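# Overview (structure and organization)
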Number of protein chains: 2
Amino acid sequence: SEDGYFNSHFLRKPEERWKNREDHELYCAGHLMEAAVEYYKATGKDKFLKLMQDYADYIYKVFVIEDLAAFKTPGHEEIELALVKLYDVTENKKYLELSKYFIDTRGTIEEPYILEKYNHYNIQDHLPVRQQKTAEGHSVRASYLYSGMADIAVKYNDTELFEACKTIFSNIVNKRMYITGGTGSSHLGEAFTLDYDLPNSKGYAETCAAIALAFFAQRMLLLEKNSVYADTVERVMYNGMLSGISLDGKAFFYENPLEIQPVLNKRNVSTTFTERNPITQRKEVFSCSCCPPNVIRFIGAINGYIYSYEQDILFINQYISSEMLYENIQADMKTDFPSSGNVSIKTKNINQIAIRKPYWCTDVDIKVNGNDAIYTLEKGYMYLGLTETNNTIDIKMDMPVRLVRSNPKVHEDSKKTAVMRGPIVYCAEGIDNDFPLNQILFNEKCEYKVNKSNDLDADILKLRVKIPKESDELYTFKPFEYIDKELTLIPFYCFANRGETEMRVWL
Amino acid sequence: SEDGYFNSHFLRKPEERWKNREDHELYCAGHLMEAAVEYYKATGKDKFLKLMQDYADYIYKVFVIEDLAAFKTPGHEEIELALVKLYDVTENKKYLELSKYFIDTRGTIEEPYILEKYNHYNIQDHLPVRQQKTAEGHSVRASYLYSGMADIAVKYNDTELFEACKTIFSNIVNKRMYITGGTGSSHLGEAFTLDYDLPNSKGYAETCAAIALAFFAQRMLLLEKNSVYADTVERVMYNGMLSGISLDGKAFFYENPLEIQPVLNKRNVSTTFTERNPITQRKEVFSCSCCPPNVIRFIGAINGYIYSYEQDILFINQYISSEMLYENIQADMKTDFPSSGNVSIKTKNINQIAIRKPYWCTDVDIKVNGNDAIYTLEKGYMYLGLTETNNTIDIKMDMPVRLVRSNPKVHEDSKKTAVMRGPIVYCAEGIDNDFPLNQILFNEKCEYKVNKSNDLDADILKLRVKIPKESDELYTFKPFEYIDKELTLIPFYCFANRGETEMRVWL
C-alpha cells in the first residue's frame, strides 16, 4: 500500500495489521526481502527491491519510531537475517539497525504469547538473546534468530553476541541435533526439547529447521574459521535438508524422522483413535508451505557455501565441482564428491589456501602440482602456502564406511549403530532387506561393498551383519543364535522414494 | 426393582435401562453376582444371592425370551463368567444357558458399537467367538470373555469352544503378553494391538487385564493339565497384578508400564501441549474404579489357585504356604517361595500328586519321606505316586538369577535384557542406581547377590554389569569404552514406592 506495507492478506484487512504476533507478517516480509535481494542480484532489476526497501522503511517507522504494533518483536523470526541481506545490497544502515533492534529487544520486555499453548521458550523471548545458552523452542524460529544474531555479530563486530551464538551453536551440535543435521525433537511446538532427547520415529526434524541450522552454521564460519561450522552445513546439505525433497523433485517432507515404522499406523486395530505418527511418504503440497520452497532456494544457493576468501586466504568449505572468479583470483574445482573423497582444484593468483578436513575423514593426502604438500592443521582447516601463480591441488580424502554411535545419554539410540560413508548418513529400508531390521549386530571391522544404484542414482552399501535366528518363544532364557545376512543401506536422503516401507537410521 | 433389576444408577432413570450397550449394566450385574456368590459362600447368608438370582432371571427374560434390550450381548463382558459362578452355587441351569447365550450370540449378528470410536474388535464381536484366533480389542473385556468361554467349555464339555480358547490363549502368551503378564499394548481402546507389539513406556497393561488373564489361565487349567496355564497365573500374580497396588496397600496403578521415564513429562519445554505418558506414581482413587477392588478381591481369593484335585490326583499349581482339607484328603504346604524354591508338603490320604515344574526352573530335586522321588514329567507337571497314608514331600527348585530376551520380533525390546529370579520379574529404578540405565551390558554368566531389603520387604538383586564411559561427543566413530558398575534391581511389583524415579524392566 501507499505507506509501504506489502502483504496481500492484510491489505484486504487493514484493521488487522500488526495486531497479532502469530500472524507471520514480519516473517513473510523477511522472505520477500530475501527474494527481492536475490532477484536484484540475479537480474539487476530493482523494482521489487525498492518496494521491499519501502516496506523495510515502513516497518522501521512502525516498530522503532512510532511503536504502533501490538508487539515489539516478530512472532516468527526471519526478518532479522533478511534485513542484513537488504543492507548488504543497499548499504542503508537503517536496515541493520532494525535487525539489531529486533534481536536486542527480544526477551527484554514482556510480550504476548503467539498462541495460548506456546510459552516464551517457543519464540525465544524467555531471556534476552545475549543471555541465552541453549537452543529453545520452535526450531525454525530459533535458528533463523541465531542466524540473524550471527549476522549482527559480524556486522557490528559484537563479541558478546558472537559468544552467545557460539554457546547456542555448541548446545545444538553437541546435544540437540540429529545425526542428519535435523533439529526439533517434538512436533509439539515443532520444537527443541531437552539435551540428548532425540527420538527417532517420533522426532520432527523439520526441513526448514535443517536449512536454518545451515544458515546459522555458515554465518558462524564468517566469525570463526572452524571446520565444525562447515561440517554442520555439509551434514545438513547431504542429509536432513536433502531428505526434504523426493528424487524426482516433485514431493516433499515437512518432517524428516530417522525411523519410519508403517506398522505403527496399523496397530490400533480396535479403534479409530490414532496416535500421532509422521507421514511415511512425501507430499506435493502442504497446508503450511514453508519447506518445499525453502529446499528449492537452498539448493539454488548452494554455490555460496563452497568458498570463502578472507585475508588473502581461499577457504574451501565444501567439495562441489565449481568455478570461482573473484576480482583477480580464480579457482576451478572438480570432484565426484560425495561419491569419493577425491578433489582436484586449480587455482590462480592465490597464495594461501585452507582446506576443510571433514570430521569423518581420518587420512587425507594432498599434492600441490604433483608434490606432497605440507600443511598446518588449525581448527579443522589445512593451511597450505602456494608459491606458483597457477597451482593444481589434488586432495584424496579416505572415505571408508564408518559405524557411528550416539552419546550414551541419547536414550533412543541406546545399543544402536548408524552407518556413514563420507558425509552421507545411511539408512536401511524394508524394501531392500527381507529380514527384520531391529536386532542387527555389526562387526566393528565391517566388511562392505559400495555399489552404484541406477534406481536411486546413489552409492548404496552392502554390509555383512548378523541377526538372531527366528524363534517361537516370546521370552527366552537362552542367548540368541545369530545368522549372517547382507544388509543393504541407502543414503538417508533417498528414503521413501519407492513406496511405503520400514526405514531406520539407527540399527 | 420389583422385576428384579438391580442397578442404583438406572433405577433412577428407568427409561434408560438396556438402551446403551456401553452403559456397563451387564458388567456391573456380573460383578454383583460374583460378590453375592462369595458372600454366600463365606457367610451362608443368601439374601444378596437371592436378589442376584432374581436379577439373573430378569436378565434371562429380557435378553433370551423377550429380546427387549437395544443390544444382544454385553458391551463389556464379565457377566458370562459370573453366571457360571451363580450356577455353581444354585445349580440353576438357566444361568449357564444365559452365559452360553451371550457367548454364542456375540459376533453372529450386527450390534451397535459401544462408542463411535471403538470398532467391533474392541468388544470382540468382529467374529463369532468360536472362529476367533487372536486376542483382540479391550484387553479386560477380552479376557473376561475368554474366561467365560473356558467356563462354558468345561460345563458343556464343548471341545470346539475349548479349541478356540486354546488358540486365543496361545496367541496371548506367545505373542501379545508383557513379561509381567500384562496385556493391552495401547491406551487407545485399552486394547490388544498386533503380535509382538509390546511398547514399554507407552504400554498400557491394565491391572484388570492382568487379573482377567489369570482368570482365563486358571479356567484353562481345568480343561487341560498343562503347566503353561499355572505358569501364567504365577506370572500375573507376582508381577503385573501385584504392581497394581502399593506396598502399603493404599494406592493403585490402573496401567502398569514396563518403563517409566519421568523426564518424558518435562520434554515439551516450549509448550503446554503434552504427550500422553503413563502416570509415574500410584493414586488412591481413579475416576474409573475397576482396578483397585479387583486387586483386593484377587489377592483375597488367591487360595483358589494353589491346589486342584482331579481323578484322585492332587495338583500343586502354586507354591504358597497353606493348609488344604477336602473330604478325607489333606495337604499342608510350607514354603518361603518366591524367596526360595524350597517347598515342603505334608499329605494325607493322597495316592498321587502332580507338582508343577515352573518354566524358570532348570533343576528340581524331590524327596518323598526323605528318599529321592521318581516322577514322570507330562506337560510341565511332575507326577509322583505316594504309597503311604502320610507323606512328606520336599521340593527344591533352583532359583538362579536368569537373563531374559524377548522374541527378536518384539521391536521395543531389541538388544535389551530383562532379569528374573524365580517367577519375579525385576526392574531397575533410578533411585537405586547413580548411573544411566539405558546402555547396560550384561555378562551371560552374571555375578550377582541376592539381598533382603527391609525397606521393600523383598529380595533385591545386585549384578555386576558394564556401562559406557561418559563422553562429550554427540556422535562418535570410536567404539565405547566400558566401565564396571553394580546394578541394583528390585522386583517389578515394588516399583514406584519411593517417589518418582526412572524405571526399566528391559535394560
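Numbers given for residues are sequential positions, taken from 1 along each chain in its written order. By the order in which they are written, chains take letters starting at A while ligands take numbers starting at 1. Only residues with pLDDT of at least 70 get local features here, since the model is predicted, and only at 80 or more are side-chain atom pairs given and counted; chain-wide, interface and lining totals rely on the full set of residues. Derived side-chain values reflect all non-hydrogen atoms in the structure, with water molecules and hydrogen atoms excluded from consideration.

In this section: the domain arrangement of chain A. All names here are of chain A. Segmentation of the chain into domains, including their bounds, is taken from an automatic or database domain assignment. For chain A, the assigned domains are domain 1 (1-112), domain 2 (115-305), domain 3 (307-397) and domain 4 (401-504). The C-alpha centroid of domain 4 is placed 25 Å from the C-alpha centroid of domain 2. On the side of domain 4, 26 residues touch domain 2, which itself brings 27 residues to the contact. The term buried area refers to how much accessible surface (probe radius 1.4 Å) is lost by two components on association, counted for both of them together. Carbon and sulfur atoms supply 60% of the area buried between domain 2 and domain 4, which totals about 2,300 Å² over both sides. A per-residue breakdown of the area domain 2 buries against domain 4 is headed by Ile179, Tyr196 and Leu247, which together make up 26% of the total. A salt bridge links Glu500 to Lys266; the nearest nitrogen and oxygen atoms lie 3.8 Å apart. N or O atoms closer than or at 3.5 Å make up a polar contact, with two conditions inside protein: a donor-capable atom paired with an acceptor-capable one, and, for residues adjacent in sequence, both atoms drawn from side chains. The tally of links between domain 2 and domain 4 comes to 12 residue pairs in polar contact (both at pLDDT 80 or more). Only DSSP runs of H or I reaching four residues or more are called helices, and only runs of E reaching two or more are called strands; each is numbered from the N terminus. For the side of domain 2 that touches domain 4, the elements supplying multiple residues, two or more each, are α9 (227-240) and β1 (259-260). It is α9 that provides the largest number of residues to the side of domain 2 that touches domain 4, a total of 4 residues. All amino acids are sorted into three groups, where Ala, Val, Leu, Ile, Met, Phe, Trp, Tyr, Cys and Pro are nonpolar, Asp, Glu, Lys and Arg are charged, and the leftover types, Gly among them, are polar. When grouped by side-chain class, the residues that make up the side of domain 2 that touches domain 4 number 13 nonpolar, 10 polar and 4 charged. The contact rule is simple, with two residues in contact once any of their heavy atoms fall within 4.5 Å. By convention in these notes, a salt bridge is any Lys or Arg side-chain nitrogen within 4 Å of a carboxyl oxygen on Asp or Glu.

Residues and elements named next belong to chain B. Here a cavity is any set of points on a 1 Å grid over the protein atoms alone where a 1.4 Å probe fits but cannot get out, and a pocket is any open set with protein on both sides within 12 Å along at least 5 of 7 lines; a residue lines the site when it has an atom within 4 Å of a point. Grid points are joined across faces, edges and corners, and a volume is the space filled by probe spheres set on the points. For the structure on display, the rule yields 4 cavities of 30 Å³ or more. Looking at the largest cavity, its volume works out to about 60 Å³. In this structure, the largest cavity is lined by Asn20, Arg21, Asp23, His24, Glu25, Leu26, Tyr27, Phe71, Pro74, Gly75 and His76. Class assignment for the residues of the lining of the largest cavity results in 4 nonpolar, 4 polar and 3 charged.

Right, let's get into helix α4 (residues 79-90) of chain A. One fewer than the residue count of a helix, multiplied by 1.5 Å, yields its expected span. The terminal C-alpha atoms of α4 of chain A, which comprises 12 residues, lie 16 Å apart, in line with the 16 Å expected from a rise of 1.5 Å per residue. Burial classification: accessible surface area is computed with a 1.4 Å probe over protein chains only, and a residue below 20% of its type maximum counts as buried, one above 50% as exposed, and the rest as partly exposed. Those residues of α4 of chain A that fall on the buried side of the exposure criterion are Ile79, Glu80, Leu81, Ala82, Leu83, Val84, Leu86 and Tyr87 of chain A.

Another point: the interface of chain A and chain B. The interface of chain A with chain B comprises 76 residues on the first partner and 76 residues on the second. Between chain A and chain B, roughly 6,100 Å² of surface is buried when both sides are summed, and carbon and sulfur atoms account for 56% of that area. Looking only at chain A, the three residues that lose the most surface to chain B are Lys415, Tyr475 and Phe477 of chain A, adding up to 16% of its buried area. Between the two partners, chain A and chain B, sit 4 salt bridges. Arg267 of chain A is paired through a salt bridge with Asp197 of chain B; the nearest N and O atoms lie 2.6 Å apart. Connecting chain A to chain B are 43 residue pairs in polar contact (both at pLDDT 80 or more). Contributing elements (two or more residues each) for the side of chain A that touches chain B: α7 (159-176), β13 (401-406) and β19 (475-476) of chain A. Class assignment for the residues of the side of chain A that touches chain B results in 32 nonpolar, 22 polar and 22 charged.

This paragraph deals with the relation of the copies chain A and chain B. Superposing chain A onto chain B requires a rotation of 180° together with a translation of 0.0 Å along the rotation axis, leaving an RMSD of 0.0 Å. Expressed as a symmetry operation, the mapping of one chain copy onto the other fits a two-fold axis. Judged by C-alpha distance, Lys415 of chain A is the residue of chain A that lies nearest the rotation axis, at 3.4 Å. Least-squares superposition of the copies uses the C-alpha atoms of those residues scoring a pLDDT of at least 70 in each of them.

It is worth spelling out the pattern of salt bridges at this point. Close approach of charged atoms lets side chains of opposite charge pair. Counted according to the given criterion, the structure contains 88 salt bridges over all chains. The partner of Arg176 of chain A in a salt bridge is Asp195 of chain A, with the nearest N and O atoms 2.7 Å apart. In this pair, Arg176 of chain A sits in helix α7 while Asp195 of chain A sits in the loop between α7 and α8 (207-223), placing the two residues 19 residues apart along the sequence. Its relative accessible area of 7% is what places Arg176 of chain A among the buried residues. Judged by relative accessible area, which is 31%, Asp195 of chain A ranks as partly exposed. Put simply, Asp88 of chain B and Lys155 of chain B hold a salt bridge, and the shortest N to O gap is 2.7 Å. One end of the pair, Asp88 of chain B, is in helix α4 (residues 79-90); the other, Lys155 of chain B, is in helix α6 (residues 139-155), with 67 residues separating them in the sequence. Judged by its relative accessible area of 42%, Asp88 of chain B is partly exposed. Linked through salt bridges whose partners overlap, the residues forming this network are Glu34, Glu38, Lys41, Lys85 and Arg297 of chain A.

Residue and element names in this part refer to chain A. Given a rise of 1.5 Å per residue, 13 residues ought to cover 18 Å, and the 18 Å separating the end C-alpha atoms of helix α5 (residues 93-105) matches this to within 8%. If you check which residues of α5 are buried, you get Tyr95, Leu96, Leu98, Ser99, Phe102, Ile103 and Thr105. Those residues of α5 that are buried are in contact with α2 (25-43), α3 (47-65), α4 and α6 (139-155). At the N-terminal end of α5, a side-chain oxygen is found 3.0 Å from the backbone nitrogen of Lys94, two or three residues along, and the residue is Asn92. Positive backbone phi, at 85°, marks Gly107, one or two positions downstream of α5.

Let us look at the nonpolar core. Only buried Ala, Val, Leu, Ile, Met, Phe, Trp, Tyr and Cys residues count toward a nonpolar core, and they belong to the same one when joined by side-chain atoms within 4.5 Å. Trp18, Ile59 and Leu487 of chain A are the most contacted members of the largest nonpolar core, which totals 164 residues. Not counting residues up to four positions away in its chain, the partners in contact with Trp18 of chain A are Tyr5, Glu25, Leu26, Tyr55, Tyr58, Ile59, Val62, Phe63, Ala69, Ala70 and Phe71 of chain A. Counting residues in hydrophobic clusters, the runner-up holds 163 residues, among them Cys208, Phe215, Val295 and Ala331 of chain B.

Attention now moves to the packing of α3 of chain A against α4 of chain A. Residue and element names in this part refer to chain A. Axes, fitted as lines to C-alpha atoms, cover a helix only where it is in contact. Angles between the N-to-C directions of the axes lie from 0 to 180 degrees. Between α3 and α4, whose axes approach to 11 Å, the crossing angle comes to 125°. Accordingly, the angle class assigned to the pair α3 and α4 is oblique. For the crossing formed where α3 meets α4, the hand is left-handed. On the side of α3, the interface is formed by Leu49, Met52, Gln53, Ala56 and Ile59, while α4 contributes Ile79, Leu83, Leu86, Val89 and Thr90. Oblique is the label for any angle not covered by the other classes, which are roughly parallel (under 35 degrees), roughly antiparallel (over 145) and roughly perpendicular (65 to 115). Each crossing gets its hand from how the near helix is turned against the far one by less than a right angle, where anticlockwise is left-handed and clockwise is right-handed.

Turning next to the layout of surface pockets. Residue and element names in this part refer to chain B. As a volume, the second largest pocket reaches approximately 1,500 Å³. Taken together, 44 residues line the second largest pocket, and the ones lying closest to its centre are Glu38, Lys41, Lys85, Ala301 and Gly304. Listed by contribution, the elements that provide at least two residues to the lining of the second largest pocket are α2 (25-43), α4, α6, α8 (207-223), α10 (291-300), β2 (307-310) and β4 (322-326). Class assignment of the residues belonging to the lining of the second largest pocket gives a composition of 24 nonpolar, 9 polar and 11 charged.

Time to look at the sheet that holds strand β3 (residues 313-316) of chain B. Residues and elements named next belong to chain B. Here we have 5 strands laid out as an open sheet, ordered β2-β3-β7-β11-β10, and mixed in their pairing. This sheet does not close on itself; its edge strands, each paired only once, are β2 and β10 (376-378). Along the sheet, successive strands turn relative to each other by an average axial angle of 25°, direction set aside. DSSP calls a pair of strands paired once it identifies at least 2 bridges connecting them. Bridge count between β3 and strand β7 (residues 352-356): 4 bridges; the pairing is parallel. Bridging across to β7, Phe315 finds its partner in Ala354. Relative to β7, helix α9 (residues 227-240) is tilted by about 55°, and along the sheet it contacts β7 and β11 (381-385).

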